[in-house]
Amino acid sequence: MSRFGEWQAVSEVQAGTARSRGARAGALDLLRFGAAAFVVLFHFGSSAPIDLTATYPMLDRGWLATDFFIIVSGYVLGRAYGDPLDDLRLSPMLFTARRLGRIWPAHLIVLFGFAALLVVARLAGIAADSPERFQPIDFLYQALLVHAWGVTSQPSWNEPSWTLSALVVCYVLFPLIWKLTQPLKERGWALVTGFGILALAALACEATLGTSLYDLSFQYGVIRALPLFVLGALLARFIQGRAVGRASALASGLAAFGAVIAIQAPERSEFSALVSIVALCTLVVSADGFGLRRTPAIKAAADVSFALFITHAIVGTLWFSGLDALGVQTRWWTWIGALVAVLAAAIVFHHLIDKPIQIRLRRLLDQAGSGKHAPSEQTA
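What you see is a predicted model, and the numbers here were worked out from it, not measured in a lab.

Draft legend 1. Representation of the overall build of the protein. A tally of helices and strands in the protein yields 13 helices and zero strands. Counted from the first residue to the last, the protein has its helices and strands arranged as α-α-α-α-α-α-α-α-α-α-α-α-α. Taken across its 380 residues, the protein has 48% of its residues classed as buried. Counting only contacts in the protein whose residues sit at least 6 apart along the sequence, the fraction spanning at least 24 positions is 78%. Accessible surface, the protein as shown: approximately 18100 Å² in total, 67% of it carbon and sulfur.

Draft legend 2. Layout of the pattern of salt bridges. Applying the stated criterion across every chain, the model contains nine salt bridges. Residue R237 is joined to D86 by a salt bridge in which the shortest nitrogen-to-oxygen separation is 3.0 Å. Here R237 is found in helix α9 (residues 221–239), whereas its partner D86 is found in helix α4 (residues 62–86), with 151 residues between them in sequence. Note that R89 and D87 form a salt bridge whose closest N and O atoms lie 3.5 Å from each other. Residue class for R89 comes out buried when judged on its relative accessible area of 8%.

Draft legend 3. Local environment of helix α5 (residues 92–123). Given a rise of 1.5 Å per residue, 32 residues ought to cover 46 Å, and the 46 Å separating the end C-alpha atoms of α5 matches this to within 8%. Residue G101 marks the point of greatest curvature in α5, where the axis turns by about 30°; the proline P105 follows within four residues. Residue G125 follows α5 closely and has a positive phi angle near 80°.

Draft legend 4. Region of interest: helix α10 (residues 246–263). Over its 18 residues, α10 runs 25 Å from end to end, which matches the ideal 26 Å to within 8%, given 1.5 Å per residue. Listing the buried residues of α10 in full gives A249, G253, A256, V260 and I263. Projection of α10 onto a plane perpendicular to its axis shows the buried side chains occupying an angular sector of 110°, all on one side. Of the residues in α10, the exposed ones pointing more than 90 degrees away from the buried face are A247, L254 and A262. Elements that come into contact with the buried residues of α10 comprise α4 and α11 (270–290).

Draft legend 5. Molecular detail of the packing of α4 against α9. Interaxial distance between α4 and α9 falls to 7 Å at its minimum, and their mutual angle equals 45°. Here α4 lies oblique to α9, going by the angle between them. Both α4 and α9 take part in a crossing whose hand is right-handed. Each of W63, T66, D67, I70, I71, S73, G74, Y75, L77, G78, R79 and D86 in α4 lies in contact with α9, whose residues at this interface are R224, A225, L228, F229, G232, A233, L235, A236, R237 and I239. Along the lines of polarity and charge, the residues of the contact of α4 with α9 split into 12 nonpolar, five polar and five charged.

Draft legend 6. Structural detail: the side chain of R133. Mapped onto the fold, R133 is located in the loop between α5 and α6 (136–143). At a separation of 3.0 Å, a polar atom in the side chain of R133 contacts the side chain of E159. For R133, the contacting residues outside a window of four places in its chain are Q154, P155, S156, W157 and E159.

Draft legend 7. Seen up close, the environment of I261. Its place among the elements puts I261 in helix α10. In this structure I261 comes out as partly exposed when scored by relative accessible area, which is 40%. Remark: the alpha-carbon pair of I261 and M58, spanning 203 residues in sequence, is separated by 7.7 Å.

Draft legend 8. Spotlight on the packing of aromatic side chains. Scanning all chains against the criterion turns up 11 aromatic pairs. Residues F134 and W157 carry aromatic rings whose centres are separated by 5.1 Å and whose planes lie at 85° to one another, so their mutual orientation is edge-to-face. Of this pair, F134 sits in the loop between α5 and α6 while W157 sits in the loop between α6 and α7 (162–180), and the two are 23 residues apart along the sequence. We classify F134 as buried; its relative accessible area is 13%. For W157, a relative accessible area of 5% puts it in the buried group. Ring centres of W332 and W335 lie 5.7 Å apart, and the angle between their planes is 90°; on these two criteria the pair is classed as edge-to-face. Here W332 pairs with W335, and both are found in helix α13 (residues 332–368), just three residues apart, close to one helical turn.

Draft legend 9. Local environment of the confidence of the model for the protein. Averaged over all residues, the pLDDT of the protein equals 82, while 89% of them reach at least 70. No element of the protein has a lower mean pLDDT than helix α1 (residues 3–23), which averages 38, and none a higher one than α6, which averages 94. Residue range residues 1–20 is modelled with pLDDT below 50. Its contacts to residues more than four positions away, or to other chains, number five contacts.

Draft legend 10. Main features of a nonpolar patch on the surface. Together, I50, W332, I336 and V340 make up a nonpolar patch on the protein surface, roughly 380 Å² of accessible area in all. Mapping I336 onto the fold places it in helix α13. The exposure class assigned to I336 is partly exposed, which follows from its relative accessible area of 43%.

Rules used throughout
Residues numbered from 1 in each chain as written. Predicted model: local features only at pLDDT ≥ 70, side-chain atom pairs only at ≥ 80, totals over all residues. Heavy atoms only, no water. Helix = DSSP H or I, 4+ residues; strand = E, 2+ residues; numbered from the N terminus. Buried < 20%, exposed > 50% of the residue type's maximum accessible area, 1.4 Å probe, protein only. Contact = heavy atoms within 4.5 Å. Areas by Shrake-Rupley, 256 points an atom, 1.4 Å probe, with all protein chains shown as cover. Salt bridge = Lys/Arg side-chain N within 4 Å of Asp/Glu carboxyl O. Expected span 1.5 Å × (residues − 1). Bend = angle between axes of the 7 residues up to and from the residue. Arc of directions from axis to C-beta. Axes fitted to C-alpha atoms, helices over the stretch in contact; angles between N-to-C directions. Parallel < 35°, antiparallel > 145°, perpendicular 65-115°, else oblique. Left-handed = near helix turned anticlockwise from the far one by under 90°. Nonpolar A, V, L, I, M, F, W, Y, C, P; charged D, E, K, R; others polar. Polar contact = N/O pair within 3.5 Å; in protein donor to acceptor, adjacent residues only side chain to side chain. Phe/Tyr/Trp six-rings, centres within 6.5 Å; stacked < 30°, edge-to-face > 60°. pLDDT = per-residue confidence, 0-100. Patch = residues over 30% accessible without salt bridge, like charges linked within 9 Å, V, L, I, M, F, W, Y side chains within 5 Å.

Written out as structure tokens, the structure reads:
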């Protein structure tokens, strides 16, 4: 066989492995959707007829879902793009373009949707409850996705998007992080290094900013996200070339899920936060190792996870502001209606807006990258 034939055969095997891994990522997909749904409940809980975040303290721990998202992002990128980056089949520039193209268009569309909603409200004579949240300079910061870089302390516009602002930095640094961590995949050093970096970051936050890493406000989003993202990437390094048995994955996953729930019962401390992160990491690796088949229903849930995360704030604003304008008191049926509306809007946004844009961008980037093999965005 020629060198080209050997290279092609290896590429096809690796591509098949990536597709097989993606086809068996159902458990991880369900967790991602669950985390997105938890974020919605966290943000909407105080708007219920009875403040759910006060009644059920677990629902007031929105940081768990956020940190889970960040860890999973580093882990899934390592699993999906790690081998192509290691083998130089994917350039860092193309990788970064793919990741920015995945989040920026949807973010801009939702942000301009907020602006349009504000204009319509003003034309209708409805004043914003918190006008300081809708300043032009903050709109610019959000459009550029720099609002989690320490440039502003004013929560504004689409507030959950601070996570995307922080992940922009993580995406740009990921190829370098992945390259530097290559020697660590032997003997568990990746795992030790990942948790060591997280512990040092937590100590540094307490010493310099006087607050917990997990309590940092959105303008310090990069500081908060980067050690968690690196931890996720190092989890992927640790599992690279290793196999987790399905029975072990199920047992450790159930134990980790139970631990995450149980740890939230007492008031949070730095120790309990760190234990929660360890449990979340165990849950991620266990879900990946369990190998649940990605059924059409699971795939549909995974597909709308990002849309649910990025659109729920504007839909919630429209829903609850509309009820106030109509003089309708919030009842359980109106609150549940908000959840249904959020999910319906996410499905519509994904299928009619985000997915067509991603298909078009994918084709353009494939052409720019000369058709180099890279995983499907659905797996990343």
